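# Breakdown of the fold
The chain contents come next:
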Amino acid sequence: MSPSRRQFFASAAAVTAAGTIPATAKAADPAPKRKVHIGVSTYSYMKLGRKTADDVVNCINTAGDHGFDGVEILLQQITDKPSDALLTKIKQRALVHGLCIMGLSTHQSFLSPDKEFRKRNVELTNRQIEIAAKLGSGTMRVNTGRWGTTRSFDQLMRNKGIEPPLEGYKEEDGYPWVIDCLGQCVKAAEKYGVTLGLENHWGLGRTPEGLLKIVEAVKSPWLKVTMDTGNFLEEPYPKLEMIAPHAVLVQAKTYYGGGTWYTLDLDYDKIAKLLVKARYKGWISLEFEGREDPKTAVPKSLTLLRKAFGGNA
């Protein structure tokens, strides 16, 4: 063994024995801060309007121009049965703008005593999972669904998301239905490599306790949480903190010009810190829900989120 090799091994042995780095050795540089990736939902530009596929493509073009890192597609704004040609077009436009398609936001409902209704919604969700995979999205937003006893969504919002169960049923009756349906859907999620995120939306996901009861009962790595910062209407921060460790995507609401249904004064510095505490490293997806023109409000929202999350990465 050459003297230089003997010296190296002797030095290494000394480090192991003493548990210290010799003065001549250079300590590893600290790991650089990770950039927090911020995307935007097509909802921010079109709300819930069901327009044309070209409108969604234009949303992607605008998101690229605004400087986002990714885009989340609201499936309802195109069609539940998009053609492969449309999906390819969406992927191509995202690529041209350097955008990642990081989420597909879908609608379904498992909150019904009707077995055939639930079966159809499981089949619908499984088709949506396949669409997410074709788009290259690793996440997909899902819901528990609603009881349907409130006449309109506007009325539901006036009631702060609280909706009575169907006559003859109580809220607890709904959990086995939803758990069973999502338990079936995670099989397709695993097959296609798409992690489902159950949103704190309405229905049984209206409270953190209800949301986590479902996720923990399904007990699959393919079912996590989509954390919407604007869907806990009262005392949001402790509730967001409860679900943050389970989050696979964060949807960040802003309300420039006043909210469509309500306005929350959200402290994104505080939200960023609670996400750091939960070791969340995923995407932030802007959902602008104000009355101001998205052409001005969306860029302002991006600046707000970059400031909050950039300092807490």
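Quick note: structure is the one above.
In this text the structure is predicted, and so the values were computed from the model without any measurement.

## A closer look at the sheet that holds strand E2 (residues 70-74)
Strand order around the closed barrel formed by 8 strands is E1-E2-E3-E4-E5-E6-E7-E8, with parallel pairing between neighbours. Sheet twist, expressed as the mean angle between neighbouring strand axes with direction ignored, is 30 degrees. With 4 bridges connecting them, strand E4 (residues 139-142) and strand E5 (residues 195-199) associate as parallel partners. If you follow Val142 over to E5, its bridge partner there is Leu198.

## Regarding the pattern of salt bridges
In this structure the tally under the stated criterion is 12 salt bridges. Here Lys134 ties to Asp84 by a salt bridge, and the two come within 3.0 Å at their closest N and O atoms. Of this pair, Lys134 sits in helix H5 (residues 115-135) while Asp84 sits in helix H4 (residues 84-96); the two residues are 50 residues apart in sequence, bridging distant segments of the chain. Take Asp84: its relative accessible area is 46%, and that puts it in the partly exposed class. For Lys253, the salt bridge identified is with Glu287, shortest N-O distance 2.7 Å.

## Brief notes about unusual backbone geometry
Glycine aside, residues mostly have negative phi angles, and peptide bonds mostly take the trans form. The residue Lys219 is not glycine, and still its phi comes out positive at about 55 degrees. By the element assignment, Lys219 lies in the loop between helix H8 (208-218) and strand E6 (223-228). On the accessibility criterion, Lys219 (73% relative accessible area) is exposed. We note that Glu235 has phi near 45 degrees; this positive angle belongs to a residue other than glycine.

About the cut-offs
Numbers given for residues are sequential positions, taken from 1 along each chain in its written order. Local features in a predicted model are, by the rule used here, given only for residues with pLDDT of at least 70; side-chain atom pairs are given and counted only at 80 or more, and totals for whole chains, interfaces and linings are based on all residues. Hydrogen atoms and water are omitted, and side-chain values are computed over all heavy atoms in the structure. DSSP bridges decide pairing: two strands pair if at least two such bridges lie between them. Helix and strand assignments come from DSSP, with helices taken as H or I runs of at least 4 residues and strands as E runs of at least 2, each series counted from the N terminus. Axes, fitted as lines to C-alpha atoms, cover a helix only where it is in contact. Angles between the N-to-C directions of the axes lie from 0 to 180 degrees. One side-chain nitrogen of Lys or Arg within 4 Å of one carboxyl oxygen of Asp or Glu is enough to make a salt bridge. Burial status follows relative accessibility: with a 1.4 Å probe on protein chains alone, a residue under 20% of its type maximum counts as buried, one over 50% as exposed, and anything between as partly exposed.

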